[in-house]
Amino acid sequence: MTGILGELTPERFLAEYWQKKPLLIRQAIPGFESPLSAEELAGLACEEEVESRLVESVGADGKPWQVTHGPMDEEIFARLPERDWTLLVQAVDHYVPEVAELLEQFSFIPRWRLDDIMISYAPPGGNVGPHVDNYDVFLLQGAGQRRWQLGGFQGEDAAIVDGISLRILKEFSISNDEEWVLEPGDMLYLPPRYAHHGISESSDCMTWSIGFRAPSADEAVTSWADYRGEQLSDAVRYADPDLGEQDSALLDDAAIERVRALILNSLDDREQMSEWFGRYMTQTKYPDQLIALEPSLDLATLRSALAEGEQLVRGQGSRFAYRPAPDGDADRATLFVDGDGIPCSLALAQQVAQGNQPLPIELLDDHGAAELLLALTNRGSLVLEESSEA
Ligand code: SIN
Ligand code: CO
(Lines give C-alpha, C1' and ligand atoms only; values in the text may rest on other atoms or scores of the structure.)
(Ligands and ions follow the chains in the order given, each with its own letter.)
Protein backbone atom coordinates (compact mmCIF):
# COMPACT_ATOMS: atom_id res chain seq x y z
CA MET A 1 0.00 0.00 0.00
CA THR A 2 1.28 3.46 -0.80
CA GLY A 3 1.13 6.19 1.82
CA ILE A 4 0.64 9.93 1.58
CA LEU A 5 3.94 10.29 -0.29
CA GLY A 6 2.69 8.19 -3.23
CA GLU A 7 5.42 5.89 -4.50
CA LEU A 8 8.08 7.58 -2.34
CA THR A 9 9.14 6.03 0.95
CA PRO A 10 9.46 8.43 3.91
CA GLU A 11 13.18 7.65 3.90
CA ARG A 12 13.57 8.85 0.31
CA PHE A 13 11.33 11.85 0.85
CA LEU A 14 13.43 12.95 3.83
CA ALA A 15 16.71 12.36 2.01
CA GLU A 16 15.78 14.05 -1.25
CA TYR A 17 13.03 16.60 -0.62
CA TRP A 18 12.53 17.58 3.04
CA GLN A 19 13.93 21.11 3.48
CA LYS A 20 15.55 20.78 0.05
CA LYS A 21 13.12 21.00 -2.87
CA PRO A 22 9.41 21.03 -3.73
CA LEU A 23 7.51 17.88 -4.55
CA LEU A 24 4.14 17.45 -6.26
CA ILE A 25 2.30 14.28 -5.32
CA ARG A 26 -0.74 13.61 -7.47
CA GLN A 27 -3.47 11.80 -5.53
CA ALA A 28 -1.52 11.67 -2.28
CA ILE A 29 -4.94 10.77 -0.88
CA PRO A 30 -6.88 9.15 -3.73
CA GLY A 31 -10.45 10.43 -3.96
CA PHE A 32 -9.99 12.73 -0.97
CA GLU A 33 -13.22 14.23 0.32
CA SER A 34 -12.93 17.02 2.85
CA PRO A 35 -14.66 16.10 6.12
CA LEU A 36 -15.32 19.82 6.55
CA SER A 37 -17.51 21.98 4.30
CA ALA A 38 -16.88 25.62 3.38
CA GLU A 39 -19.90 26.56 5.54
CA GLU A 40 -18.45 24.72 8.54
CA LEU A 41 -15.12 26.46 7.99
CA ALA A 42 -16.88 29.85 7.90
CA GLY A 43 -18.70 28.86 11.11
CA LEU A 44 -15.37 28.12 12.82
CA ALA A 45 -14.05 31.53 11.70
CA CYS A 46 -16.94 33.14 13.61
CA GLU A 47 -15.88 31.53 16.91
CA GLU A 48 -14.20 33.79 19.44
CA GLU A 49 -11.24 31.51 20.20
CA VAL A 50 -10.46 30.53 16.60
CA GLU A 51 -7.73 32.44 14.74
CA SER A 52 -8.80 33.44 11.23
CA ARG A 53 -8.07 35.96 8.48
CA LEU A 54 -9.89 37.18 5.43
CA VAL A 55 -7.72 38.37 2.56
CA GLU A 56 -9.33 40.42 -0.20
CA SER A 57 -7.44 41.28 -3.38
CA VAL A 58 -9.35 44.58 -3.33
CA GLY A 59 -10.86 45.66 -0.03
CA ALA A 60 -14.28 47.21 0.60
CA ASP A 61 -12.50 50.59 0.56
CA GLY A 62 -11.12 49.96 -2.95
CA LYS A 63 -7.56 49.52 -1.69
CA PRO A 64 -5.52 46.45 -2.68
CA TRP A 65 -4.88 43.57 -0.28
CA GLN A 66 -7.16 44.15 2.66
CA VAL A 67 -6.75 41.80 5.63
CA THR A 68 -9.52 41.37 8.21
CA HIS A 69 -8.82 39.37 11.37
CA GLY A 70 -11.45 37.13 12.94
CA PRO A 71 -13.72 36.43 14.62
CA MET A 72 -15.83 36.93 11.48
CA ASP A 73 -19.56 37.51 11.40
CA GLU A 74 -22.53 37.22 9.01
CA GLU A 75 -22.16 40.84 7.98
CA ILE A 76 -18.60 40.37 6.76
CA PHE A 77 -19.52 37.30 4.69
CA ALA A 78 -22.64 39.01 3.29
CA ARG A 79 -20.67 41.90 1.80
CA LEU A 80 -18.08 39.73 0.02
CA PRO A 81 -17.97 39.72 -3.79
CA GLU A 82 -18.27 36.63 -5.99
CA ARG A 83 -14.52 36.26 -6.39
CA ASP A 84 -10.99 37.26 -5.36
CA TRP A 85 -10.95 36.67 -1.63
CA THR A 86 -9.69 33.96 0.73
CA LEU A 87 -10.76 32.92 4.21
CA LEU A 88 -7.95 31.28 6.21
CA VAL A 89 -8.58 29.44 9.47
CA GLN A 90 -5.69 28.32 11.69
CA ALA A 91 -5.38 25.18 13.80
CA VAL A 92 -8.49 23.46 12.46
CA ASP A 93 -6.94 20.21 13.77
CA HIS A 94 -7.52 21.55 17.31
CA TYR A 95 -11.25 21.78 16.76
CA VAL A 96 -12.19 19.06 14.27
CA PRO A 97 -11.05 15.52 15.15
CA GLU A 98 -11.56 14.31 11.53
CA VAL A 99 -9.05 16.94 10.43
CA ALA A 100 -6.58 16.02 13.19
CA GLU A 101 -6.71 12.39 11.97
CA LEU A 102 -4.79 13.41 8.86
CA LEU A 103 -1.73 14.10 11.04
CA GLU A 104 -1.20 10.36 11.51
CA GLN A 105 -0.04 10.29 7.89
CA PHE A 106 2.82 12.63 8.73
CA SER A 107 4.34 10.59 11.53
CA PHE A 108 7.63 10.38 9.60
CA ILE A 109 8.31 13.94 10.80
CA PRO A 110 8.66 14.62 14.55
CA ARG A 111 5.31 15.73 15.93
CA TRP A 112 6.93 18.56 17.87
CA ARG A 113 7.93 20.10 14.53
CA LEU A 114 4.26 20.42 13.58
CA ASP A 115 2.56 23.79 13.82
CA ASP A 116 -1.03 23.18 12.75
CA ILE A 117 -3.41 22.47 9.89
CA MET A 118 -4.66 25.73 8.41
CA ILE A 119 -7.57 25.47 5.99
CA SER A 120 -8.44 28.10 3.41
CA TYR A 121 -11.57 28.59 1.37
CA ALA A 122 -11.61 30.75 -1.76
CA PRO A 123 -14.01 31.50 -4.62
CA PRO A 124 -12.46 31.87 -8.12
CA GLY A 125 -9.47 34.20 -8.21
CA GLY A 126 -8.96 34.04 -4.43
CA ASN A 127 -5.27 34.18 -3.48
CA VAL A 128 -3.01 35.70 -0.85
CA GLY A 129 -0.40 36.94 -3.32
CA PRO A 130 2.99 35.44 -4.20
CA HIS A 131 4.98 35.01 -0.99
CA VAL A 132 7.44 32.91 0.96
CA ASP A 133 6.88 31.20 4.30
CA ASN A 134 9.69 30.49 6.74
CA TYR A 135 8.38 26.98 7.30
CA ASP A 136 7.94 23.68 5.53
CA VAL A 137 4.40 23.10 4.38
CA PHE A 138 2.36 20.38 2.69
CA LEU A 139 -0.47 21.93 0.67
CA LEU A 140 -3.22 19.36 0.27
CA GLN A 141 -6.06 20.25 -2.07
CA GLY A 142 -9.21 19.60 -0.03
CA ALA A 143 -11.89 20.53 -2.58
CA GLY A 144 -12.13 22.28 -5.95
CA GLN A 145 -9.08 23.36 -7.89
CA ARG A 146 -6.15 25.64 -7.15
CA ARG A 147 -3.41 26.69 -9.55
CA TRP A 148 0.01 26.72 -7.90
CA GLN A 149 2.95 28.61 -9.35
CA LEU A 150 6.39 28.30 -7.76
CA GLY A 151 9.12 30.91 -7.92
CA GLY A 152 12.26 29.33 -6.47
CA PHE A 153 14.15 29.93 -3.22
CA GLN A 154 14.24 33.51 -1.97
CA GLY A 155 16.95 35.03 0.18
CA GLU A 156 16.31 36.97 3.37
CA ASP A 157 16.54 40.18 1.36
CA ALA A 158 13.75 39.37 -1.14
CA ALA A 159 11.83 42.62 -1.65
CA ILE A 160 8.25 42.75 -0.39
CA VAL A 161 5.44 45.14 -1.30
CA ASP A 162 5.34 48.14 1.06
CA GLY A 163 2.35 49.65 2.78
CA ILE A 164 0.13 46.56 3.12
CA SER A 165 -0.28 44.14 5.98
CA LEU A 166 0.55 41.08 3.87
CA ARG A 167 4.06 39.97 2.97
CA ILE A 168 3.79 39.82 -0.81
CA LEU A 169 6.86 39.49 -3.03
CA LYS A 170 7.58 42.53 -5.20
CA GLU A 171 8.94 40.27 -7.89
CA PHE A 172 7.69 36.83 -8.74
CA SER A 173 8.31 34.70 -11.82
CA ILE A 174 7.61 31.02 -12.33
CA SER A 175 10.73 28.89 -11.98
CA ASN A 176 11.48 25.76 -14.01
CA ASP A 177 7.92 25.46 -15.37
CA GLU A 178 6.75 24.76 -11.84
CA GLU A 179 3.04 25.40 -12.37
CA TRP A 180 0.24 22.95 -11.76
CA VAL A 181 -3.50 22.83 -11.11
CA LEU A 182 -4.18 20.70 -8.04
CA GLU A 183 -7.32 18.56 -7.74
CA PRO A 184 -8.75 17.21 -4.48
CA GLY A 185 -6.27 14.74 -2.96
CA ASP A 186 -3.25 16.22 -4.78
CA MET A 187 -0.54 17.59 -2.51
CA LEU A 188 2.42 19.91 -2.92
CA TYR A 189 5.36 19.97 -0.49
CA LEU A 190 7.33 23.22 -0.20
CA PRO A 191 10.54 23.73 1.75
CA PRO A 192 11.00 26.97 3.73
CA ARG A 193 11.48 30.18 1.73
CA TYR A 194 10.35 28.73 -1.59
CA ALA A 195 8.22 31.36 -3.36
CA HIS A 196 4.68 30.27 -4.17
CA HIS A 197 1.44 31.67 -5.48
CA GLY A 198 -1.85 29.75 -5.31
CA ILE A 199 -4.95 30.97 -7.12
CA SER A 200 -8.37 29.41 -6.73
CA GLU A 201 -9.87 28.13 -9.98
CA SER A 202 -13.25 27.01 -8.65
CA SER A 203 -16.11 28.19 -6.49
CA ASP A 204 -15.35 25.55 -3.85
CA CYS A 205 -11.57 25.72 -3.49
CA MET A 206 -10.35 24.51 -0.11
CA THR A 207 -6.66 24.07 0.61
CA TRP A 208 -5.23 22.40 3.69
CA SER A 209 -1.81 23.65 4.81
CA ILE A 210 -0.08 21.14 7.05
CA GLY A 211 2.49 23.55 8.43
CA PHE A 212 5.63 22.88 10.43
CA ARG A 213 7.58 25.20 12.68
CA ALA A 214 11.17 25.82 13.58
CA PRO A 215 12.35 28.41 16.09
CA SER A 216 14.41 31.30 14.75
CA ALA A 217 17.90 31.77 16.19
CA ASP A 218 16.53 34.90 17.88
CA GLU A 219 13.66 33.02 19.55
CA ALA A 220 15.85 30.07 20.56
CA VAL A 221 18.64 32.21 22.04
CA THR A 222 16.23 34.43 23.94
CA SER A 223 14.21 31.56 25.37
CA TRP A 224 17.24 29.41 26.26
CA ALA A 225 19.05 32.32 27.90
CA ASP A 226 15.93 33.03 29.93
CA TYR A 227 15.61 29.41 31.08
CA ARG A 228 19.32 29.02 31.84
CA GLY A 229 19.46 32.40 33.55
CA GLU A 230 17.00 31.20 36.19
CA GLN A 231 19.45 28.45 37.18
CA LEU A 232 22.65 30.47 37.34
CA SER A 233 23.96 31.66 40.66
CA ASP A 234 24.34 35.38 41.22
CA ALA A 235 27.81 34.61 42.53
CA VAL A 236 29.09 33.52 39.12
CA ARG A 237 30.30 36.82 37.65
CA TYR A 238 32.71 38.53 35.36
CA ALA A 239 36.11 38.09 37.00
CA ASP A 240 39.57 39.39 36.12
CA PRO A 241 42.23 37.99 38.43
CA ASP A 242 44.60 38.26 35.46
CA LEU A 243 44.13 42.04 35.20
CA GLY A 244 47.25 43.93 34.17
CA GLU A 245 47.93 47.63 34.28
CA GLN A 246 46.38 49.46 31.31
CA ASP A 247 44.84 52.69 30.05
CA SER A 248 41.98 53.32 32.49
CA ALA A 249 39.34 53.95 29.77
CA LEU A 250 40.34 51.08 27.47
CA LEU A 251 38.03 48.12 26.93
CA ASP A 252 40.68 45.66 25.82
CA ASP A 253 40.58 42.28 24.06
CA ALA A 254 41.18 40.45 27.33
CA ALA A 255 37.98 41.95 28.81
CA ILE A 256 35.98 40.84 25.78
CA GLU A 257 37.49 37.34 26.02
CA ARG A 258 36.56 37.12 29.73
CA VAL A 259 32.91 38.09 29.14
CA ARG A 260 32.71 35.79 26.12
CA ALA A 261 33.94 32.87 28.24
CA LEU A 262 31.48 33.79 31.02
CA ILE A 263 28.55 33.75 28.59
CA LEU A 264 29.51 30.70 26.56
CA ASN A 265 30.46 28.58 29.59
CA SER A 266 27.20 29.49 31.32
CA LEU A 267 25.08 28.66 28.29
CA ASP A 268 26.77 25.53 26.97
CA ASP A 269 25.08 22.86 29.08
CA ARG A 270 23.79 20.01 26.94
CA GLU A 271 21.67 18.35 29.61
CA GLN A 272 19.89 21.53 30.65
CA MET A 273 19.51 22.47 27.01
CA SER A 274 17.58 19.29 26.33
CA GLU A 275 15.35 19.99 29.34
CA TRP A 276 14.69 23.47 27.95
CA PHE A 277 14.19 22.42 24.33
CA GLY A 278 11.60 19.79 25.19
CA ARG A 279 9.66 22.35 27.20
CA TYR A 280 10.06 24.99 24.53
CA MET A 281 8.93 22.82 21.62
CA THR A 282 5.89 21.50 23.48
CA GLN A 283 4.50 24.88 24.44
CA THR A 284 0.96 25.05 23.10
CA LYS A 285 0.05 27.27 20.17
CA TYR A 286 -2.74 28.90 22.21
CA PRO A 287 -1.79 28.73 25.91
CA ASP A 288 -5.13 30.31 26.92
CA GLN A 289 -6.93 27.30 25.49
CA LEU A 290 -5.27 24.90 27.91
CA ILE A 291 -7.91 24.88 30.61
CA ALA A 292 -7.41 23.25 34.00
CA LEU A 293 -10.29 21.11 35.32
CA GLU A 294 -12.38 22.97 37.85
CA PRO A 295 -12.96 21.38 40.33
CA SER A 296 -10.06 18.99 39.90
CA LEU A 297 -10.55 15.22 39.81
CA ASP A 298 -9.21 12.82 42.40
CA LEU A 299 -7.72 9.48 41.54
CA ALA A 300 -10.75 7.48 42.62
CA THR A 301 -13.01 9.49 40.29
CA LEU A 302 -10.58 9.10 37.39
CA ARG A 303 -10.40 5.35 38.00
CA SER A 304 -14.16 4.93 38.11
CA ALA A 305 -14.70 7.08 34.99
CA LEU A 306 -12.31 4.81 33.10
CA ALA A 307 -13.84 1.68 34.58
CA GLU A 308 -17.23 2.87 33.35
CA GLY A 309 -15.92 3.11 29.79
CA GLU A 310 -14.67 6.67 29.44
CA GLN A 311 -11.31 7.13 27.74
CA LEU A 312 -8.27 9.22 28.47
CA VAL A 313 -7.07 10.97 25.30
CA ARG A 314 -4.53 13.69 24.49
CA GLY A 315 -5.98 17.21 24.39
CA GLN A 316 -6.28 18.40 20.79
CA GLY A 317 -4.12 21.48 21.26
CA SER A 318 -1.66 19.71 23.57
CA ARG A 319 1.88 18.90 22.56
CA PHE A 320 3.89 15.91 23.78
CA ALA A 321 7.45 14.68 23.39
CA TYR A 322 9.86 12.56 25.41
CA ARG A 323 13.59 12.22 25.82
CA PRO A 324 15.36 9.24 27.39
CA ALA A 325 17.48 10.18 30.39
CA PRO A 326 21.20 10.57 29.66
CA ASP A 327 23.47 7.50 29.93
CA GLY A 328 23.32 5.32 32.96
CA ASP A 329 19.63 5.69 33.59
CA ALA A 330 18.25 3.52 30.86
CA ASP A 331 14.69 3.19 32.17
CA ARG A 332 14.09 6.86 32.91
CA ALA A 333 13.00 9.75 30.73
CA THR A 334 11.60 13.24 30.74
CA LEU A 335 8.06 13.52 29.45
CA PHE A 336 7.47 16.95 27.94
CA VAL A 337 3.89 18.17 27.91
CA ASP A 338 2.63 21.63 27.02
CA GLY A 339 5.79 23.41 28.07
CA ASP A 340 6.53 21.33 31.16
CA GLY A 341 9.04 18.53 31.76
CA ILE A 342 8.16 15.62 34.06
CA PRO A 343 10.63 12.88 35.03
CA CYS A 344 9.11 9.40 34.76
CA SER A 345 9.83 5.92 33.42
CA LEU A 346 10.78 5.67 29.75
CA ALA A 347 7.94 3.24 29.07
CA LEU A 348 5.36 5.62 30.53
CA ALA A 349 6.79 8.66 28.72
CA GLN A 350 6.58 6.77 25.43
CA GLN A 351 3.04 5.63 26.01
CA VAL A 352 1.82 9.09 26.92
CA ALA A 353 3.70 10.97 24.21
CA GLN A 354 3.34 8.65 21.23
CA GLY A 355 0.49 8.13 18.85
CA ASN A 356 -3.10 9.19 19.11
CA GLN A 357 -4.85 6.19 20.62
CA PRO A 358 -6.57 6.49 24.02
CA LEU A 359 -4.18 5.73 26.89
CA PRO A 360 -4.45 2.13 28.09
CA ILE A 361 -6.41 1.90 31.33
CA GLU A 362 -3.81 -0.57 32.70
CA LEU A 363 -1.42 2.37 33.17
CA LEU A 364 -3.39 3.24 36.29
CA ASP A 365 -2.29 0.00 37.96
CA ASP A 366 0.97 1.71 38.83
CA HIS A 367 0.50 4.36 41.49
CA GLY A 368 3.17 6.75 40.18
CA ALA A 369 1.81 6.54 36.64
CA ALA A 370 -1.75 7.05 37.89
CA GLU A 371 -0.70 10.22 39.74
CA LEU A 372 1.02 11.54 36.64
CA LEU A 373 -2.01 10.89 34.42
CA LEU A 374 -4.26 12.50 37.01
CA ALA A 375 -2.07 15.62 37.10
CA LEU A 376 -2.09 15.84 33.30
CA THR A 377 -5.86 15.43 33.25
CA ASN A 378 -6.34 18.12 35.86
CA ARG A 379 -4.28 20.60 33.88
CA GLY A 380 -6.13 19.86 30.65
CA SER A 381 -3.36 18.14 28.68
CA LEU A 382 -5.23 14.83 28.84
CA VAL A 383 -9.00 14.75 28.47
CA LEU A 384 -11.62 12.27 29.63
CA GLU A 385 -14.15 11.54 26.93
CA GLU A 386 -16.92 9.11 26.15
CA SER A 387 -15.59 6.02 24.42
CA SER A 388 -16.52 5.99 20.74
CA GLU A 389 -17.25 2.24 21.06
CA ALA A 390 -19.53 2.66 24.06
C1 SIN B 1 -3.92 29.48 0.80
O2 SIN B 1 -4.36 28.43 1.26
O3 SIN B 1 -4.61 30.21 0.08
C4 SIN B 1 -2.53 29.95 1.03
C5 SIN B 1 -1.62 28.96 1.63
C6 SIN B 1 -0.18 29.40 1.48
O7 SIN B 1 0.24 29.86 0.45
O8 SIN B 1 0.62 29.32 2.41
CO1 CO C 1 2.30 30.13 1.86
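Residues numbered from 1 in each chain as written. Chains lettered and ligands numbered in written order. Predicted model: local features only at pLDDT ≥ 70, side-chain atom pairs only at ≥ 80, totals over all residues. Heavy atoms only, no water.

Let us look at the coordination of the cobalt ion (ligand 2). Protein coordination at the cobalt ion (ligand 2) comes from His-131 (NE2), Asp-133 (OD) and His-196 (NE2), with a distance range of 2.0 to 2.1 Å. Positions of the donor residues of the cobalt ion (ligand 2), expressed as sequence spacing, correspond to H-x1-D-x62-H. Relative accessible area serves as the criterion here: at 27%, Asp-133 is assigned to the partly exposed category. (Donors = N, O, S within 2.8 Å, 3.2 Å for Na, K, Ca; no water. Buried < 20%, exposed > 50% of the residue type's maximum accessible area, 1.4 Å probe, protein only.)

On to the sheet that holds strand β10 (residues 194-200). Ordered in space as β8-β7-β10, the three strands form an open sheet in which the pairing is antiparallel. The open sheet has two edge strands with one neighbour each: β8 (179-182) and β10. Each adjacent strand pair in this sheet contributes to an overall mean axis angle of 25°, direction not counted. With four bridges joining them, strand β7 (residues 146-153) and β8 adopt antiparallel strand pairing. Along β8, the bridge assignment pairs Arg-147 with Val-181. (Pairing = 2+ DSSP bridges. Helix = DSSP H or I, 4+ residues; strand = E, 2+ residues; numbered from the N terminus. Axes fitted to C-alpha atoms, helices over the stretch in contact; angles between N-to-C directions.)

This next bit is on the domain arrangement of the protein. Split by domain assignment, the protein resolves into domain 1 (10-212), domain 2 (217-268) and domain 3 (287-386). The C-alpha centroid of domain 3 is placed 40 Å from the C-alpha centroid of domain 2. (Domains from an automatic or database assignment.)

For residues that are not glycine, phi is negative in most cases, and the peptide bond is trans in most cases. Of note, the amide linkage connecting Gly-70 to Pro-71 takes the cis form, showing an omega dihedral of 0°. Mapped onto the elements, Pro-71 comes out in the loop between β3 (64-69) and α3 (74-78). The omega torsion of the bond from Glu-294 to Pro-295 falls at -5°, within 30 degrees of zero and hence cis. Turning to its location among the elements, Pro-295 is positioned in the loop between α8 (270-281) and α9 (299-307). In this model, Gln-27 sits at a positive phi of 50°, which is unusual for a non-glycine residue. Tracing the backbone shows Gln-27 in the loop between β1 (23-25) and α2 (38-45). You can call Gln-27 partly exposed: its relative accessible area is 34%. Phi is positive for Asp-84, close to 70°, though the residue is something other than glycine. Inspection of the secondary structure puts Asp-84 in the loop between α3 and β4 (85-89).

Let's shift gears to a negative patch on the surface. Among the surface-exposed residues, Glu-39, Glu-40, Glu-98, Glu-101 and Glu-104 lie close enough to one another that they form a single negatively charged patch. With respect to the helices and strands, Glu-98 occurs in helix α5 (residues 97-100). (Patch = residues over 30% accessible without salt bridge, like charges linked within 9 Å, V, L, I, M, F, W, Y side chains within 5 Å. Areas by Shrake-Rupley, 256 points an atom, 1.4 Å probe, with all protein chains shown as cover. Salt bridge = Lys/Arg side-chain N within 4 Å of Asp/Glu carboxyl O. Lys, Arg positive; Asp, Glu negative; His and termini not counted. Charge placed at Lys NZ, Arg CZ, Asp CG, Glu CD.)

Below, the discussion takes up the site of ligand 1. Around ligand 1 lies a shell formed by Thr-86, Leu-88, Met-118, Ser-120, His-131, Asp-133, Arg-146, Trp-148, His-196, Thr-207 and Ser-209. A distance of 3.4 Å is found between an oxygen atom of ligand 1 and a side-chain nitrogen or oxygen belonging to Asp-133. Contact between ligand 1 and His-196: an oxygen atom at 3.2 Å from a side-chain N or O atom of the residue. Among the elements of the structure, β4, β5 (114-122), β7 and β11 (205-212) are those that each provide at least two residues to the shell around ligand 1. Here the shell around ligand 1 is composed, by residue class, of three nonpolar, six polar and two charged. (Near = heavy atom within 4 Å. Polar contact = N/O pair within 3.5 Å; in protein donor to acceptor, adjacent residues only side chain to side chain. Nonpolar A, V, L, I, M, F, W, Y, C, P; charged D, E, K, R; others polar.)

A complete count under the given rule lists zero disulfides for this structure. The structure places no disulfide on Cys-46, whose sulfur is separated from the nearest cysteine sulfur, that of Cys-205, by 20 Å. With relative accessibility at 32%, the residue Cys-46 sits in the partly exposed group. (Disulfide = S-S within 2.5 Å.)

A word on the sheet that holds strand β13 (residues 320-324). Strand order in this open sheet of three strands is β13-β14-β15, and the pairing throughout is antiparallel. The outermost strands of the open sheet, each flanked by one partner alone, are β13 and β15 (340-345). Direction aside, neighbouring strands of the sheet carry axes that sit 25° apart on average. Strands in contact with α8 are β13, β14 (332-337) and β15; relative to β14, the strand with the most contacts, it is inclined by about 35°. The strands touched by helix α10 (residues 346-353) are β13, β14 and β15; relative to β13, the strand with the most contacts, the crossing angle is about 155°. (Contact = heavy atoms within 4.5 Å.)

This part takes up the nonpolar core. Within the largest apolar cluster, 46 residues are counted, with the highest numbers of intra-cluster contacts made by Phe-13, Phe-138 and Ile-210. Only β1, α2, β4, β5, β6 (137-143), β9 (187-190) and β11 provide two or more residues apiece to this core. Looking at this core element by element, the count peaks at five residues for α2. With residues near it in sequence (within four places) discarded, Phe-138 still touches Phe-13, Trp-18, Phe-106, Phe-108, Ile-109, Met-187, Leu-188, Tyr-189, Trp-208, Ser-209, Ile-210 and Phe-212. Within the second largest apolar cluster, 26 residues are counted, among which are Leu-312, Leu-335, Leu-373 and Leu-374. (Core = buried A, V, L, I, M, F, W, Y, C linked by side-chain atoms within 4.5 Å.)

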